[in-house]
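Structural description and commentary
In case you want the letters, here they are:
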Number of protein chains: 2
Amino acid sequence: MAERVTIGDLAQRLGLSKASVSYALNGRPGVSAQTRARVLALARELQWYPSSSARVLSGARTGVVGLVLSRDPELLGTEPYYMLVLSGIESALIDADYGLLLRMVGSEPGRDLAVYERWAGEGRVDGVMLFDQRRDDPRIPLVRHLGLPAVLNGAAEPGSALRAVVPDEHGDANQVVEHLAGLGHRRVAYLSGPSGLLHEERRDLLVRAAAARTGMVVETVEGDYTMGTAERLVTERLRRGPGPTAWVASNDVMALGAVRAAVREGVDVPGRVSVVSWDDSLLCEIGAPPVTALDRHPRDFGRRCAQALLAEIAGDPGDDAVPPPSVLRVRASTGPARP
Amino acid sequence: MAERVTIGDLAQRLGLSKASVSYALNGRPGVSAQTRARVLALARELQWYPSSSARVLSGARTGVVGLVLSRDPELLGTEPYYMLVLSGIESALIDADYGLLLRMVGSEPGRDLAVYERWAGEGRVDGVMLFDQRRDDPRIPLVRHLGLPAVLNGAAEPGSALRAVVPDEHGDANQVVEHLAGLGHRRVAYLSGPSGLLHEERRDLLVRAAAARTGMVVETVEGDYTMGTAERLVTERLRRGPGPTAWVASNDVMALGAVRAAVREGVDVPGRVSVVSWDDSLLCEIGAPPVTALDRHPRDFGRRCAQALLAEIAGDPGDDAVPPPSVLRVRASTGPARP
DNA sequence: CTGAAAGCGCTTACAG
DNA sequence: CTGAAAGCGCTTACAG
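Residues numbered from 1 in each chain as written. Chains lettered and ligands numbered in written order. Predicted model: local features only at pLDDT ≥ 70, side-chain atom pairs only at ≥ 80, totals over all residues. Heavy atoms only, no water.

1. A short note on the overall build of chain A
- Counting its secondary structure elements, chain A contains 14 helices and 11 strands.
- Over its C-alpha trace chain A gives a radius of gyration of 25 Å, far above what one expects of a compact globule, namely 20 Å for 339 residues.
- Along the longest, intermediate and shortest principal axes, the C-alpha atoms of chain A span 90 × 40 × 30 Å.
- By the burial criterion, 58% of the 339 residues in chain A qualify as buried.
- Sequence separation of at least 24 residues holds for 72% of the intrachain contacts in chain A that already meet a minimum separation of 6.
- Split by element, the accessible area of chain A, about 13900 Å² in all, is 52% carbon and sulfur.
- Here chain A carries 39 positive and 42 negative side-chain charges, and the mean point of each set is 2 Å from the other. (Helix = DSSP H or I, 4+ residues; strand = E, 2+ residues; numbered from the N terminus. Rg over C-alpha atoms; globule rule 2.2 N^0.38 Å. Buried < 20%, exposed > 50% of the residue type's maximum accessible area, 1.4 Å probe, protein only. Contact = heavy atoms within 4.5 Å. Areas by Shrake-Rupley, 256 points an atom, 1.4 Å probe, with all protein chains shown as cover. Lys, Arg positive; Asp, Glu negative; His and termini not counted. Charge placed at Lys NZ, Arg CZ, Asp CG, Glu CD.)

2. So, empty space enclosed by the protein
Residue and element names in this part refer to chain A.
- Across all of its chains, the model carries 7 cavities of 30 Å³ or more by this definition.
- For the largest cavity, the calculated volume is near 320 Å³.
- Contributing to the lining of the largest cavity are 26 residues, with Y81, N153, H199, R203 and R296 lying nearest its centre.
- Contributing elements (two or more residues each) for the lining of the largest cavity: helix 6 (80–96), helix 9 (169–182) and helix 10 (198–213).
- When residues of the lining of the largest cavity are assigned to their parent elements, the largest contribution, 3 residues, is made by helix 10.
- Its residues assigned to classes, the lining of the largest cavity shows 9 nonpolar, 7 polar and 10 charged.
- Each of domain 2 (64–167 + 299–314) and domain 3 (169–296) contributes no fewer than three residues to the lining of the largest cavity. (1 Å grid on protein atoms, 1.4 Å probe; cavity = no way out; pocket = protein on both sides within 12 Å on 5 of 7 lines; lining within 4 Å. Points joined across faces, edges and corners; volume = space filled by probe spheres on them. Nonpolar A, V, L, I, M, F, W, Y, C, P; charged D, E, K, R; others polar. Domains from an automatic or database assignment.)

3. Examining the side chain of T62(B)
- Relative to the helices and strands, T62(B) is located in the loop between helix 4 (52–57) and strand 1 (64–69).
- A residue is classified by how much of its surface remains accessible, and T62(B), at 8% relative accessible area, is buried.
- Of note is the side chain of T62(B), whose polar atom sits 3.1 Å from the backbone nitrogen of V64(B).
- Non-local contacts of T62(B), meaning those with residues more than four positions away in its chain, are made with R124(A), V56(B), G123(B), R124(B), V125(B) and D126(B). (Polar contact = N/O pair within 3.5 Å; in protein donor to acceptor, adjacent residues only side chain to side chain.)

4. Thoughts on the packing of aromatic side chains
All names here are of chain A.
- With the rule as written, the count across this model stands at 6 aromatic pairs over all chains.
- Pairing Y81 with Y82 gives two aromatic rings, centres 5.4 Å apart and planes at 90°, and the pair type is edge-to-face.
- A relative accessible area of 14% places Y81 in the buried class.
- Using a relative accessible area of 3% as the deciding quantity, one classes Y82 as buried.
- An aromatic cluster is built from Y81, Y82 and F131, whose rings are joined through pairwise contacts. (Phe/Tyr/Trp six-rings, centres within 6.5 Å; stacked < 30°, edge-to-face > 60°.)

5. A word on the protein's contact with DNA strand C
- Near DNA strand C lie 28 residues; those nearest to it are I7(A), S22(A), Y23(A), R55(A) and G30(B).
- Looking at DNA strand C alone, sugar and phosphate atoms form 59% of those within 4 Å of the protein.
- Within the side chain of Y23(A), an N or O atom sits 2.8 Å from a base nitrogen of DNA strand C.
- A distance of 3.4 Å is found between a phosphate oxygen of DNA strand C and a side-chain nitrogen or oxygen belonging to S20(B).
- Examining the composition of the surface near DNA strand C, we find that 4 residues originate from one element, helix 2 (residues 18–25) of chain A, more than from any other.
- Among the residues making up the surface near DNA strand C, the classes are represented as 12 nonpolar, 12 polar and 4 charged. (Near = heavy atom within 4 Å.)

6. Things to note about the protein's contact with DNA strand D
- In the neighbourhood of DNA strand D, 28 residues make up the surrounding shell, with G30(A), I7(B), S22(B), Y23(B) and R55(B) lying closest.
- Between L57(A) and DNA strand D, the recorded distance is 3.4 Å, taken from a backbone N or O atom to a base oxygen.
- Sorting the residues of the surface near DNA strand D by element identifies helix 2 of chain A together with helix 2 (18–25) and helix 4 of chain B as the ones contributing at least two each.
- Broken down by element, the surface near DNA strand D gets its largest block of residues, 4 residues, from helix 2 of chain B.
- Each residue belonging to the surface near DNA strand D can be placed in one class, and the counts come to 12 nonpolar, 12 polar and 4 charged.

7. Looking at the sheet that holds strand 6 (residues 187–192) of chain B
All names here are of chain B.
- Reading across from one edge, 7-6-8-9-10-11 is the order of the 6 strands in this open sheet, with mixed pairing throughout. Taken across any chain shown, the strands that pair with only one partner, and hence form the sheet edges, are strand 7 (217–222) and strand 11 (327–329). Along the sheet, successive strands turn relative to each other by an average axial angle of 20°, direction set aside.
- Judged from the 6 bridges that link them, strand 6 and strand 7 form a sheet pairing that is parallel. (Pairing = 2+ DSSP bridges. Axes fitted to C-alpha atoms, helices over the stretch in contact; angles between N-to-C directions.)

8. As for the interface of chain B and chain A
- Every contact between the two is made by 56 residues of chain B and, on the other side, 57 residues of chain A.
- Of the roughly 5200 Å² buried between chain B and chain A, counting both surfaces, carbon and sulfur atoms make up 59%.
- When the buried area of chain B at its contact with chain A is split by residue, Y49(B), M83(B) and I286(B) rank highest and sum to 13% of it.
- Taken together, the links from chain B to chain A amount to 2 salt bridges. (Buried area = accessible area lost by both parts, 1.4 Å probe. Salt bridge = Lys/Arg side-chain N within 4 Å of Asp/Glu carboxyl O.)

9. Details of the relation of the copies chain B and chain A
- Once chain B is rotated about the relating axis by 180° and shifted along it by 0.0 Å, it coincides with chain A to within an RMSD of 0.0 Å. The operation mapping one copy onto its partner corresponds to a two-fold rotation axis.
- When the interface residues of chain B are mapped onto chain A, 100% of them are again interface residues, pointing to one common binding face. (Least-squares fit on C-alpha atoms with pLDDT ≥ 70 in both.)

10. Focus: the sheet that holds strand 11 (residues 327–329) of chain A
Residue and element names in this part refer to chain A.
- If you trace the 6 strands from one edge of the open sheet to the other, you get 7-6-8-9-10-11, paired in mixed fashion. Edge positions in the sheet fall to strand 7 (217–222) and strand 11, since each of these pairs with one other strand and no more. Taking each pair of neighbouring strands and ignoring which way they run, the sheet shows an average axis angle of 20°.
- This element, helix 12 (residues 252–264), spans strand 6 (187–192), strand 8 (246–249) and strand 9 (274–277) of the sheet and lies at about 165° to strand 9.

11. Details of the domain arrangement of chain A
- Each assigned domain of chain A is listed here: domain 1 (7–50), domain 2 (64–167 + 299–314) and domain 3 (169–296).
- Computed over C-alpha atoms, the centres of domain 1 of chain A and domain 2 of chain A are 37 Å apart.

12. What to know about the nonpolar core
- Ranked by internal contacts, the top residues of the largest apolar core, which has 60 residues, are L191(A), W247(A), V275(A), L191(B), W247(B) and V275(B).
- Grouped together as the second largest cluster of nonpolar side chains are 56 residues, V65(A), L102(A), C305(B) and L310(B) included. (Core = buried A, V, L, I, M, F, W, Y, C linked by side-chain atoms within 4.5 Å.)

13. Observations regarding the packing of helix 7 (residues 111–122) of chain B against helix 8 (residues 139–146) of chain B
All names here are of chain B.
- Between helix 7 and helix 8, the shortest axis-to-axis distance is 10 Å and the interhelical angle comes to 10°. Between helix 7 and helix 8, the angle is such that the two are roughly parallel. Contact residues: D112, L113, Y116, E117 and A120 in helix 7; R139, L142 and L146 in helix 8.
- The class makeup of the residues in the contact of helix 7 with helix 8 is 5 nonpolar, no polar and 3 charged. (Parallel < 35°, antiparallel > 145°, perpendicular 65-115°, else oblique.)

14. Section: the environment of R202(A)
All names here are of chain A.
- The residue R202 is located in helix 10 in this model.
- Between the C-alpha atom of R202 and that of A173, which follows or precedes it by 29 residues, the distance is 9.6 Å.
- Apart from residues no more than four positions distant in its own chain, R202 is found in contact with G154, A155 and E169.
- A distance of 2.8 Å separates a polar atom in the side chain of R202 from a polar atom in the side chain of E169.

Okay, structure coming up:
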């Protein structure tokens, strides 16, 4: 068991005051270059590390940001999206020498609020990233009240006054709709995630707006991001016929569910029904048929979220960040609408 | 910006000493039931939270455990395994009111060591979970030297003296081999992950031992857990023929790569070649054909790892944990060996 | 049952 | 350029 080496130990060994050692270690004026070198050498030799709690207690930042994921853990395991976002976040944090405190609380709404409150109260994090924004999201007033720096992913509701990383959902919807319109589709179904999520409402709206411009009719079916539910819903809709000739699913897992439903019902993809996923992933690549999908660059998105939060923490002014345009990866699941 | 409420504020408002307030808050003897109630009520009213840095500085635990993931981020995004393990870890930590500090460092060996050193030196975590054990793993002497509580996932090397969560790899290998033997396969290829990983070496050995008992011949091909490499290696081997009639891939992504290689080469699965994955996931379910896979209960495994670490931190004696037996999910990718 | 005091390991004005 | 001292918010013997 290694005994902790403290600044006091260094001071004693070198015959200096703790203050001088502290100044030397932190690169502040007040010590000669020579003294500084001696201090740094000994610190290195004894493998001294500053106690983070002592530092934080005297006013320093924690060097940690928090992320609460409020989705069903089972879902988090199946959707590659979040792991990619996480790795993007990490890549930015590593550069800034920051750590990530991660919490998964399940999908019951409100369970996350207590976590932010505690993190702020206990002084555990310098800021948080807010994912999966909801209508009238209670986290927005909460972090404001707590004085906790935060970044929203996705456009902020008017008046939220939080920094945000805003994907070009308008462009995303246009790409998807134009691809389908170009193939002659006139009736499309949007298989959404849970309706409380703001980005779902926006996507639905934007798909409808883009569709309206091309004279396309849209119906929305509310899913829950799981394959099972998607499969059931799409099956029901197919049986009810006459249905849309194309399905746009809000994530990759549901897109696969849609394909599966069609295949089971003997409906050829893309012969009679086309399927597009709003998220790209390995799942889409290996699907049978492989699924046309929107690559929204999740790693890059995560990276920008973290960078925006770090800027916020540092007090840097800055506009909302805008990730690079998504790319539609056209695969075999989309084809001409049946005449 | 909420000003921090301290124990001193509570004491002042109540006309008590800070000590009494502290005793009351921590449920220690030394205060009357009535005083305690008054303190707790005010603390709640003012939304007081203990400063974690102050607590840690006076000797308390951090309430945080660390996990360093040393795989390529791209890979972490495609393999569902780690997210499931993560969610299992979280489920145990939530019960114990612990947080998880997560770090992804990429796959260059040794980059993780500096992280453990810093975490220990800075006093950021109470312990760490060590994944992906390697031969002569330098982390084992390191955490020992640092006095950092740790838990290994996977059987410990002799002499490591660390608590471990030990999956029944012997049983796993038997299940896979027996399934294939039962289908009449006599020549099998094991598509492994990188050879430095201890569990890969063990799997290879155990597959060979199990195979030997049934008179089966095994050849090993070293992959890197990615689909691209797996596809290339399997393609090469298929072209070289005459090859094994069954492939066992060490993860789901490589299994999918093997299937894809076979399909592209016009080799029917499972007509001419069977494929088994050592990990189950949605990828295996939706493969074409769906892939027979070993469900090793990753969430449960993660949960047990975290529980073992918490026990270690608490100083509870305890044996190595053993997860429940894996279940082989037989799907369409395995069939009788071609006569 | 309660209070005054020291200590955890840092940082930071303030004197010299 | 250097040192003695106070302070961050807790906990914990030690007196009363």
